Amino acid sequence: MENEKDTLRLIYPQWQGGDISQWINDIPADDVSRGYFLGAQILNFLAPENNQKTIQIPISLDIENRKTKNGIISYDAILEQTKTALSIIKDEKPKKIITLGGECSVSVLPFTYMSSLYSDDIAVIWIDAHPDINVPGDNYTGYHAMALAACMGLWNDEITENLPSKIDPSKALIVGLREWDTGMKERQEELGIKSVSPEELKKDNTIVLDWLKNSGASKVMIHFDLDSLDPEDLFAGVVGVPNGIKVNEVINLINNINDNYDIVAFTIAEPLPKTAIKIKNMLNQLSILK
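Quantities reported herein were computed from a predicted structural model and do not represent experimental measurements. (Residues numbered from 1 in each chain as written. Predicted model: local features only at pLDDT ≥ 70, side-chain atom pairs only at ≥ 80, totals over all residues. Heavy atoms only, no water.)

Draft legend 1. Layout of the sheet that holds strand 8 (residues 194-196). Read from one edge to the other, the open sheet built from 8 strands follows the order 2-1-5-10-9-6-7-8, with strand pairing classed as parallel. Edge positions in the sheet fall to strand 2 (53-56) and strand 8, since each of these pairs with one other strand and no more. Along the sheet, successive strands turn relative to each other by an average axial angle of 20°, direction set aside. Its contacts with the sheet put helix 9 (residues 207-215) on strand 6 (122-127), strand 7 (172-175), strand 8 and strand 9 (219-225), and the angle it makes with strand 6 is roughly 155°. (Pairing = 2+ DSSP bridges. Helix = DSSP H or I, 4+ residues; strand = E, 2+ residues; numbered from the N terminus. Axes fitted to C-alpha atoms, helices over the stretch in contact; angles between N-to-C directions. Contact = heavy atoms within 4.5 Å.)

In structure tokens:
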């Protein structure tokens, strides 16, 4: 990303889209739910410093109001935060957006905004162990599992009505996919969304670039969910899904895309820093620090 003044770095610590405490038992449930908030701050701290303008999206930490509405947990908070993020992006008018999240839904607004600018000349590389094409009414109510579906406008409600555009399923490729909720493999096939498994990527490291060439797009948006990684190589998400992409493979993939295409949106999502949460809780119990 050559012109740093045209690039907006968003710290987007939205956590409400994840309903994840059921999978983690060694951390208090409330802390698990809000763990993505801390994860986004840590990503920002660890990311290389540069001259890109950086803005943090205001995110509520209220754990009491997690009401499920319209088939989505914490619907009202997500709607309000979506409106706030849209207002900020419209004011800034960036040509490129880097997003540090936060759960997977932090890609939805930046991607649909960029899609509204570049129309058909844009493709999505969704690097994820999961397809993220759930919709309201499915068994799981977490919005982060609906992120790609929201980008595609697969349902209508006040959240999707606030999104600047819809992305055609034919313009998305899911990389690292290896785990589906019930019915999601069939939905992926119905939508015609192509995917590349970690094994396929390992065998042919040009497979993604070949797909991009065939897409005809010159601009690319990349969503990088940390659960796409092989947990034996780097475990930074909620639940490790075996046989994932190696760290060096995802680095090479993203850098190769950047060498050949104009990346107009890039997201890193789903960091859940379990050890940092435990240290934070320990420090909070030390009276000398209060």
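We are not done yet, so read on.
Draft legend 2. Layout of the packing of helix 2 (residues 35-46) against helix 11 (residues 274-284). The N-to-C vectors of helix 2 and helix 11 enclose an angle of 105°; their axes lie 10 Å apart at closest approach. As the angle between them shows, helix 2 and helix 11 are arranged roughly perpendicular. Counted together, G35, L38 and I42 of helix 2 and A276, I277 and K280 of helix 11 form the full contact between these two elements. When its residues are assigned to classes, the contact of helix 2 with helix 11 shows 4 nonpolar, 1 polar and 1 charged. (Parallel < 35°, antiparallel > 145°, perpendicular 65-115°, else oblique. Nonpolar A, V, L, I, M, F, W, Y, C, P; charged D, E, K, R; others polar.)

Draft legend 3. Highlighting the layout of surface pockets. Here the largest pocket defines a volume of roughly 860 Å³. As for the largest pocket, its lining consists of 31 residues, of which A47, P48, L100, F266 and I268 are closest to the centre. Listed by contribution, the elements that provide at least two residues to the lining of the largest pocket are helix 2, strand 5 (96-101), helix 10 (247-260) and strand 10 (262-269). In terms of residue count, helix 10 provides more of the lining of the largest pocket than any other element does, 6 residues in total. Looking at the lining of the largest pocket residue by residue, the classes come out as 23 nonpolar, 5 polar and 3 charged. Space inside the second largest pocket adds up to approximately 430 Å³. Residue lining of the second largest pocket: 21 residues in total, with W23, H130, H144, E179 and D181 positioned closest to the centre. A class-by-class count of the residues in the lining of the second largest pocket yields 9 nonpolar, 5 polar and 7 charged. (1 Å grid on protein atoms, 1.4 Å probe; cavity = no way out; pocket = protein on both sides within 12 Å on 5 of 7 lines; lining within 4 Å. Points joined across faces, edges and corners; volume = space filled by probe spheres on them.)

By themselves these figures say nothing about function.
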